Protein chains: 2
Amino acid sequence: MTKPATREQIIETADRLFYQQGFNHTSFSDIAAQLNISRGNFYYHFQTKDDILQSVIEARLEKTREMLKRWEEEASTPKARIKKYMQILNTNWDKIQYYGCPVGTLCTELAKLNHASLPEANRLFTLFRNWLREQFIQLGCEENADELAMQVLAWSQGVATLANAFADKKFAQQEVRKMCNWLDNYNK
Amino acid sequence: MTKPATREQIIETADRLFYQQGFNHTSFSDIAAQLNISRGNFYYHFQTKDDILQSVIEARLEKTREMLKRWEEEASTPKARIKKYMQILNTNWDKIQYYGCPVGTLCTELAKLNHASLPEANRLFTLFRNWLREQFIQLGCEENADELAMQVLAWSQGVATLANAFADKKFAQQEVRKMCNWLDNYNK
DNA sequence: GTCTATACAGGGATAGAC
DNA sequence: GTCTATCCCTGTATAGAC
């Protein structure tokens with residue numbers, strides 16, 4: 001068992017700090033301090049800060065794919081799988097409370113920075129969107145599956161933004177309950 | 001008719017750039033370049049960059065109050081007034097497409113920056129929240145007026161985030177229609 | 001692979017002339 | 001009120017020793 005390669009550690013730490021502080025506001029010094037490496041060392045592993053962002057997004061895409069796969073193994077019905085998504089707001093509340101949704105806030109920031117990696121970041125949304133659509137198709141909603149997927153995406157996204165702004169856990173929990181109820185009563 | 005005071009021009013330009021580029025990513029040079037004033041001149045009108053942000057938020061609060069007042073004059077029923085809010089996504093689409101919701105994106109950024117003015121920025125949300133709640137009370141939903149206000153807020157917030165990420169106007173329009181339909185059928 | 005030293009640009013902020 | 005000049009710090013990035 002070898003120790004994690006420095007490159008992987010950089011990606012991991014950058015991932016966390018980009019989420020907590022934003023991409024633009026996270027400096028090499030911030031990352032270096034957490035890892036006890038020098039600033040100069042970065043440039044052996046990456047050419048620019050944007051390259052680190054690229055790798056962070058790729059890592060997030062991969063982790064998300066694995067999570068969706070896990071959900072499919074853990075839940076046997078489409079509705080149960082969709083609820084796994086809806087429950088993230090509770091599962092990850094400790095982070096969402098302070099930093100919002102990792103996907104939404106990254107895309108929002110990159111849009112304002114007019115950053116070249118925005119399309120890559122959007123693929124995170126697309127991943128969830130396509131997965132949710134597939135679940136709605138399995139539920140028998142072929143004709144409007146994508147619309148429903150976007151609706152669920154938007155709902156949780158809005159709740160994340162407001163719950164983050166107001167640091168309101170009860171609101172988040174209540175909305176998750178409402179989402180699940182809506183789903184239970186949908187297409188019955 | 002005197003020409004607008006420099007102080008007001010700074011606030012106005014900072015307001016626009018903070019929205020378009022984000023607070024952190026907007027420099028004194030950016031604002032100065034737009035106004036053809038020198039960087040040094042800022043410090044006659046403001047002590048720090050954070051002070052400019054404070055003034056920008058105050059200006060937004062004031063403009064929002066005026067807008068809500070106008071809506072009350074223009075629309076005679078609670079439902080018509082709530083629809084004014086829902087329609088913003090269409091009215092301001094040209095900006096939202098590129099920069100998202102001015103309230104949500106500011107609060108999201110300030111949360112990540114751990115910025116002292118976050119509570120002030122949140123008051124923008126509260127302004128809409130209280131106004132929407134009042135409309136729902138007038139609609140006869142005393143018991144859950146605040147919950148409904150938050151729901152409408154979250155819905156439009158989520159749509160703004162997704163529509164911004166995907167630059168999808170049709171999605172935004174369709175969701176506005178769905179919101180209005182939902183409202184029409186509510187409490188009938 | 002990792003370090004130190006350093007270059008260079010850009011940030012916010014101050015001093016003082018006009 | 002507005003300017004120029006300047007300070008100091010932090011940011012990304014590079015060069016080269018180890």
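Residues numbered from 1 in each chain as written. Chains lettered and ligands numbered in written order. Predicted model: local features only at pLDDT ≥ 70, side-chain atom pairs only at ≥ 80, totals over all residues. Heavy atoms only, no water.

### Quick look at the protein's contact with DNA strand D
We apply this condition: Note on definitions. A residue lies near a molecule or strand when any single heavy atom of the residue is within 4 Å of it. Throughout this description, a polar contact denotes any pair of N or O atoms lying within 3.5 Å of each other; where both atoms belong to protein, one of them has to be capable of donating a hydrogen while the other can accept it, and for residues adjacent in sequence the pair is counted only when both atoms sit in side chains. When residue character is reported, Ala, Val, Leu, Ile, Met, Phe, Trp, Tyr, Cys and Pro are called nonpolar, Asp, Glu, Lys and Arg charged, and the others, Gly included, polar.
Taken together, the neighbourhood of DNA strand D is formed by 17 residues, with Phe28(A), Tyr43(A), Thr6(B), Ser38(B) and Tyr44(B) sitting nearest. Within the side chain of Asn41(B), one N or O atom sits 3.2 Å away from a sugar or linking oxygen of DNA strand D. Residue His45(B) places a side-chain N or O atom 3.0 Å away from a phosphate oxygen belonging to DNA strand D. Residues belonging to the surface near DNA strand D are distributed by class as follows: four nonpolar, 11 polar and two charged.

### What about the relation of the copies chain B and chain A?
Both copies of the chain are related through a single rotation about an axis accompanied by a shift along the same axis. Note the threshold: A residue counts toward the fit only if its pLDDT is at least 70 in both copies, and the copies are then superposed by least squares on the C-alpha atoms of those residues. Contact between two residues is taken to exist if any of their heavy atoms lie within 4.5 Å; hydrogens are not considered.
The operation relating chain B to chain A is a screw motion whose rotation component is 180°, with 0.0 Å of axial translation and a residual RMSD of 0.0 Å. Given the turn and translation reported, the copies of this chain are related as if by a two-fold rotation axis. Closest to the rotation axis within chain B is the C-alpha of Gly158(B), separated from it by 1.8 Å. A symmetric contact is evident, with 100% of the interface residues of chain B recurring at the interface of chain A.

### As for the environment of Asn24(A)
Stated precisely, the cut-off is as follows: Where helices and strands are cited, they refer to DSSP runs of H or I of at least four residues and of E of at least two residues respectively, numbered from the N terminus.
Topologically, Asn24(A) is positioned in the loop between helix H1 (6-21) and helix H2 (28-35). The spatial distance from the C-alpha of Asn24(A) to the C-alpha of Leu148(A) is 33 Å, given a sequence separation of 124 residues. Apart from residues no more than four positions distant in its own chain, Asn24(A) is found in contact with Lys49(A), Glu109(A), Leu113(A), Asn24(B) and His25(B).

### Some thoughts on the environment of Asp168(A)
Residues and elements named next belong to chain A. Checked against the element boundaries, Asp168 lands in the loop between helix H10 (145-166) and helix H11 (169-185). In the structure, Asp168 is positioned 75 residues away from Trp93 in sequence and 10.0 Å away in space, judged by C-alpha atoms. Here Asp168 is in contact with Trp93 and Ala163, once residues within four sequence places are set aside.

### Looking at the protein's contact with DNA strand C
For DNA strand C, the set of nearby residues contains 16 residues, the closest of which are Thr6(A), Ser38(A), Tyr44(A), Phe28(B) and Tyr43(B). Here the atoms of DNA strand C within 4 Å of the protein split so that 69% fall in sugar or phosphate, with bases taking the remainder. Contact distances for DNA strand C include 2.9 Å between a phosphate oxygen and a side-chain N or O atom of Tyr44(A). Take Tyr43(B): an N or O atom from its side chain is 3.3 Å from a phosphate oxygen of DNA strand C. Of all the elements in the fold, those that place two or more residues in the surface near DNA strand C are helix H3 (42-45) of chain A together with helix H2 (28-35) of chain B. A class-by-class count of the residues in the surface near DNA strand C yields four nonpolar, 11 polar and one charged.

### Here we look at the pattern of salt bridges
Residue and element names in this part refer to chain A. Definition in use: Throughout this description, the term salt bridge denotes a Lys or Arg side-chain nitrogen within 4 Å of a carboxyl oxygen of Asp or Glu. Whether a residue is buried, partly exposed or exposed follows from its accessible area with a 1.4 Å probe, protein chains only, as a fraction of its type maximum: under 20%, in between, or over 50%, in that order.
Under the criterion given, the structure shown has 20 salt bridges over all chains. Here Arg129 and Asp146 are joined by a salt bridge, their closest N and O atoms 2.9 Å apart. In this pair, Arg129 is assigned in helix H9 (residues 118-138) and Asp146 in helix H10, connecting sequence segments 17 residues apart. Take Arg129: its relative accessible area is 16%, and that puts it in the buried class. Among the ionic pairs, Asp146 bridges to Arg133, the shortest N-O distance being 3.7 Å. Residue Asp146 is found in helix H10, and its partner Arg133 is found in helix H9; the two are separated by 13 residues along the sequence. On the basis of relative accessibility, which here comes to 31%, the residue Arg133 falls in the partly exposed class. One salt-bridge network, in which partners are shared between bridges, spans Asp15, Arg60 and Lys63.

### A word on unusual backbone geometry
Residue and element names in this part refer to chain A. Even without being a glycine, Ala167 presents a positive backbone phi close to 45°. When you line up the elements, Ala167 lands in the loop between H10 and H11. Given the relative accessible area of 44%, Ala167 is considered partly exposed.

### Some thoughts on the packing of aromatic side chains
To keep things clear, this is the line we draw: Side-chain rings of Phe, Tyr and Trp (the six-membered ring for Trp) are treated as a pair once their centres are within 6.5 Å; stacked means planes under 30 degrees apart, edge-to-face means over 60, and tilted covers the remaining angles. Here, a charge over a ring is recorded when the distance from Lys NZ or Arg CZ to the ring centre is within 6 Å and its angle to the ring normal is within 35 degrees.
Tallied over the entire structure, the rule returns 20 aromatic pairs over all chains. Arranged with centres 6.0 Å apart and planes meeting at 45°, the rings of Phe166(A) and Phe125(B) form a pair that is tilted. With Phe166(A) in helix H10 and Phe125(B) in helix H8 (residues 118-138), the pair connects residues from two separate chains. Relative accessible area serves as the criterion here: at 2%, Phe125(B) is assigned to the buried category. Between the aromatic rings of Trp155(B) and Trp182(B), the centroid separation amounts to 6.1 Å while the plane-to-plane angle is 70°, which identifies the pairing as edge-to-face. A residue pair is termed long-range when its members are at least 10 positions apart, and Trp155(B) in helix H9 (residues 145-166) and Trp182(B) in helix H10 (residues 169-185) qualify at 27 residues. The structure contains a cluster of three or more aromatic residues connected by ring pairs, namely Tyr19(A), Tyr98(A) and Tyr99(A). Residue placement shows Arg129(A) over the ring face of Phe166(B); its charged tip is 5.0 Å from the ring centre. The ring of Phe23(B) carries the charged tip of Lys49(B) above its face, separated from the ring centre by 4.6 Å.

### Thoughts on the nonpolar core
Which entries qualify depends on this criterion: Residues belong to a common nonpolar core when they are buried Ala, Val, Leu, Ile, Met, Phe, Trp, Tyr or Cys residues joined through side-chain atoms within 4.5 Å.
Within the largest apolar cluster, 127 residues are counted, with the highest numbers of intra-cluster contacts made by Ile52(A), Tyr85(A), Phe136(A), Ile52(B), Tyr85(B) and Phe136(B). Leaving out residues up to four positions away in the same chain, Tyr85(A) has contacts with Trp71(A), Phe128(A), Trp131(A), Leu132(A), Val152(A), Leu153(A) and Ser156(A).

### Structural notes on the side chain of Glu109(B)
Put simply, the rule is: When charges are tallied, Lys and Arg are placed among the positive residues and Asp and Glu among the negative ones, while His and the ends of the chain are skipped.
Within the element layout of this structure, Glu109(B) appears in helix H7 (residues 102-113). Buried within the structure, Glu109(B) lacks any salt-bridge partner; Lys112(A) is the closest side chain of opposite charge, at an N-O distance of 6.5 Å. Once residues lying within four places of it in the same chain are set aside, the contact partners of Glu109(B) are Gly22(B), Phe23(B) and Asn24(B).

### Thoughts on the interface of chain B and chain A
Short version of the rule: Here the quantity called buried area is the total loss of accessible area, with a 1.4 Å probe, experienced by two parts when brought into contact, counted for both.
At the interface, 36 residues of chain B touch 36 residues of chain A. Of the roughly 3,100 Å² buried where chain B meets chain A, counting both sides, 63% is carbon and sulfur surface. For the pair chain B and chain A, the number of links is two salt bridges. A salt bridge links Lys178(A) to Glu147(B); its shortest N-O distance comes to 3.3 Å. Summed over the shared surface of chain B and chain A, the number is 12 residue pairs in polar contact (both at pLDDT 80 or more). Only helix H1 (6-21), helix H6 (93-99), H7, H8, H9 and H10 of chain B provide two or more residues apiece to the side of chain B that touches chain A. Here the element with the most residues in the side of chain B that touches chain A is H9(B); it accounts for 13 residues.

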